[in-house]
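Analysis of the macromolecular model
Each chain is listed here by its residues.
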Amino acid sequence: MGKVIAFSSIKGGVGKTTCAANFSYLLSSLGYNTLVIDGNLSGANLAMQFGIDLKNANTLHHVMLNRKKVLDAIYLHPKSGLKILPGSIDYELIMKVKAKGLSNTLEKIRDLFDYIILDTPAGINENLLACIEASDEVLGITTQDVASIGETLKLLELCSQLGKEVRGIIINKYNKRFGLLLDQLKKFLGKEIIGVINEDPKVSEATEYLSPVVEIFPRARASRDFNDAVLCYLGMKRKESLVERMFRLFYK
Ligand SMILES: Nc1ncnc2c1ncn2[C@@H]1O[C@H](COP(=O)(O)OP(=O)(O)O)[C@@H](O)[C@H]1O
Ligand SMILES: [Mg+2]
């Protein structure tokens, strides 16, 4: 049975969509049958990461409103084999769709995939609750600033109230010159840190190419961090290069 992972934060702009896109791209490239879904029902923007033109597109909204079959709304990303279920930007569909239907839609397709990554909205609202309910586990996405950490603690509390496991945390836009540092973050959050994705201008630059950074700039700092995060999630470890090993032994 496929595992549904919600990529969540209560705060907006921390990188949920970016992490969901890059993580799912890499899982698919590693050979896992992976679907990424835009679960942000009123602010869908995952499709942009993959250059999917939403004009006349079939979307999750069409599926949830019984206007299309789910398999007719799933797009194949040719290079990675990733499957993408985009959300609609049509005002009429957005107003009609009911977030509660998400679990039902996911139940119908979860057996078809190894992993289903669910991008989620900001804020505590019905949409977020429906995403958490529909998922098997949550990955918390946070940045290192105090405001974001506060919201992440709220997310942890919310998930515990809902009886949902938070598998770990991804710290995004990390910059060792600002905010709380990794060791402090680990102590504060008390959860496994699945990945630390450095702040990297290549991430935004990649969006101009309508591609996740791991596809268009695979050697960029953030891309290497995403690779490490996915391997950590899967319980694997990348082989350290000689230079990295020397750096670790002599400078850390
Ligand atoms: N590691 C990173 N380094 C630099 N910019 C990033 C990084 N991750 C995300 N961003 C940028 O931050 C902005 C918000 O990211 P997004 O994924 O849309 O956040 P959310 O889905 O949480 O609202 C985007 O402009 C994105 O390109
Ligand atoms: Mg988003």
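Reading the values: the criteria
Numbering of residues starts from 1 in every chain and runs along the sequence as written. Chain letters start at A and ligand numbers start at 1, both assigned in the order the entries are written. Under the rules for a predicted model, residues below a pLDDT of 70 receive no local features and side-chain atom pairs below 80 are neither given nor counted, while totals for whole chains, interfaces and linings still include all residues. Think of the side-chain values as coming from all heavy atoms in the structure, minus any hydrogens and water. A side-chain nitrogen of Lys or Arg and a carboxyl oxygen of Asp or Glu constitute a salt bridge if their distance falls within 4 Å. Each helix corresponds to a stretch of at least 4 residues labelled H or I by DSSP, and each strand to a stretch of at least 2 residues labelled E; elements are numbered beginning at the N terminus. For every residue, the accessible area (1.4 Å probe, protein chains only) is compared with the maximum for its type, and the residue is labelled buried under 20%, exposed over 50%, or partly exposed between those bounds. Axis definition: a line fit to C-alpha positions, over the contact stretch in the case of helices; interaxial angles, taken between N-to-C directions, run 0 to 180 degrees. What sets the label is the angle itself: under 35 degrees gives roughly parallel, over 145 gives roughly antiparallel, 65 to 115 gives roughly perpendicular, and the rest give oblique. Should the near helix be turned counterclockwise from the far one by less than a right angle, the crossing is left-handed, whereas a clockwise turn marks it as right-handed. Two residues form a contact once any of their heavy atoms are found within 4.5 Å. Each Phe, Tyr or Trp ring, with Trp reduced to its six-membered ring, pairs with another whose centre is within 6.5 Å; inter-plane angles below 30 degrees give stacked pairs, above 60 give edge-to-face pairs, and intermediate values give tilted ones. Either the NZ atom of lysine or the CZ atom of arginine qualifies as a charge over a ring when it sits within 6 Å of the ring centre and within 35 degrees of the ring normal. Strand pairing is assigned whenever DSSP detects at least two bridges linking the two strands. For a crossover, the right-handed case is the one in which the path from the first strand over the helix to the second runs clockwise, viewed with the strands pointing away from the viewer. A cutoff of 4 Å decides nearness: a residue is near a molecule or strand if any of its heavy atoms lies inside that distance of it. Think of a polar contact as two N or O atoms within 3.5 Å of one another; within protein, one of them needs to be a possible hydrogen donor and the other a possible acceptor, and neighboring residues in sequence only count if both atoms come from side chains. Only the protein chains shown count as covering a residue, and every accessible area follows the Shrake-Rupley method with a 1.4 Å probe. Residues are called lining when one of their atoms sits within 4 Å of a cavity or pocket point, these points coming from a 1 Å grid over the protein atoms alone, where a cavity is a set in which a 1.4 Å probe fits but cannot get out and a pocket is an open set with protein on both sides within 12 Å along at least five of seven lines. Any molecule with more than half of its atoms within 2 Å of a cavity's or pocket's grid points is regarded as sitting in that cavity or pocket. To define a nonpolar core, start from buried Ala, Val, Leu, Ile, Met, Phe, Trp, Tyr and Cys residues and group those joined through side-chain atoms within 4.5 Å.

**Points about the pattern of salt bridges**
For the coordinates displayed, the defined rule picks out eight salt bridges. Note that Lys-96 and Glu-92 form a salt bridge whose closest N and O atoms lie 2.6 Å from each other. Remark: Glu-92 and Lys-96 occur in helix H4 (residues 91-96); sequence separation between them is four residues, near one turn of the helix. Of the residues examined, Glu-92 reaches a relative accessible area of 38% and is grouped as partly exposed. Salt bridges sharing common partners tie together Arg-67, Glu-92 and Lys-96.

**Some details on the packing of helix H1 (residues 16-29) against helix H11 (residues 221-233)**
Look at H1 against H11: their axes get within 10 Å of each other, and the N-to-C directions meet at 70 degrees. Relative to H11, the element H1 lies roughly perpendicular. For the element pair H1 and H11, the recorded crossing hand is right-handed. The segment H1 lies against H11, with Thr-18, Cys-19, Asn-22, Phe-23, Leu-26 and Leu-27 engaging Phe-226, Asn-227, Ala-229, Val-230 and Tyr-233.

**Some details on the packing of aromatic side chains**
As enumerated under the stated definition, the model contains five aromatic pairs in all. Taking 5.2 Å as the distance between ring centres and 65 degrees as the angle between the ring planes, the aromatic pair formed by Phe-7 and Phe-23 counts as edge-to-face. Residue Phe-7 is found in strand E1 (residues 3-8), and its partner Phe-23 is found in helix H1; the two are separated by 16 residues along the sequence. On the basis of an interplanar angle of 75 degrees and a centroid distance of 6.1 Å, the ring pair of Tyr-115 and Tyr-233 is categorised as edge-to-face. Of this pair, Tyr-115 sits in strand E5 (residues 115-119) while Tyr-233 is found in helix H11, placing the two residues 118 residues apart along the sequence. Of the residues examined, Tyr-233 reaches a relative accessible area of 4% and is grouped as buried. Counting every residue linked through ring pairs, the aromatic cluster contains Phe-7, Phe-23, Tyr-32, Tyr-115 and Tyr-233. The ring of Phe-217 has Lys-202 sitting right over it, with the charged end atom 4.4 Å from the ring centre.

**A word on unusual backbone geometry**
Positive phi values are uncommon outside glycine, yet Asn-56 reaches one of about 65 degrees. We classify Asn-56 as exposed; its relative accessible area is 76%. The phi dihedral of Asn-66 is positive, around 60 degrees, even though this residue is not glycine. Tracing the sequence through the fold places Asn-66 in the loop between helix H3 (60-64) and strand E3 (75-76).

**Some points on the pairing of strand E8 (residues 193-198)**
E8 sits mainly inside the fold: five of its six residues count as buried. As paired strands, strand E7 (residues 165-174) and E8 are joined by four bridges and run parallel to one another. Residue Ile-171 lies in a different strand from E8, and its bridge partner there is Val-196. In this view, the connection linking E7 to its parallel neighbour E8 by way of helix H8 (residues 182-189) has right-handed handedness.

**Re the site of ligand 1**
Neighbouring ligand 1 are 15 residues; Gly-13, Lys-16, Thr-17, Thr-18 and Asn-172 lie closest to it. Contact between ligand 1 and Thr-17: an oxygen atom at 2.9 Å from a side-chain N or O atom of the residue. Here Lys-173 contributes a side-chain N or O atom positioned 2.9 Å from an oxygen atom of ligand 1. Bound to the protein, ligand 1 loses 78% of the 560 Å² it would expose on its own. Structurally, ligand 1 is housed in the second largest pocket.

**Here's the deal with the environment of Pro-121**
Within the fold, Pro-121 resides in the loop between E5 and helix H6 (126-134). Taking relative accessible area as the criterion, Pro-121 reaches 4% and is therefore assigned buried. Spatially, the C-alpha atom of Pro-121 lies 7.4 Å from that of Ser-8, the residues being 113 residues apart in sequence. Pro-121 has contacts with Ser-9, Lys-16, Gly-39, Asn-40, Asn-127, Leu-128 and Cys-131, leaving out every residue within four places of it along the chain.

**Section: the nonpolar core**
The nonpolar side chains of a soluble globular protein tend to be buried with one another. Residues Phe-7, Phe-23, Phe-50 and Ile-170 are the most contacted members of the largest nonpolar core, which totals 37 residues. Going through the elements one at a time, E1, H1, helix H2 (46-49), E5, strand E6 (137-142), E8, helix H10 (213-216) and H11 are the ones with two or more residues in this core. Element by element, the count of residues in this core is highest for H1, at seven residues. In this structure, Phe-23 is in contact with Phe-7, Ile-117, Leu-139, Ile-170, Ala-229, Val-230 and Tyr-233, ignoring residues within four places of it in sequence.

Shape descriptors only; they carry no functional weight alone.
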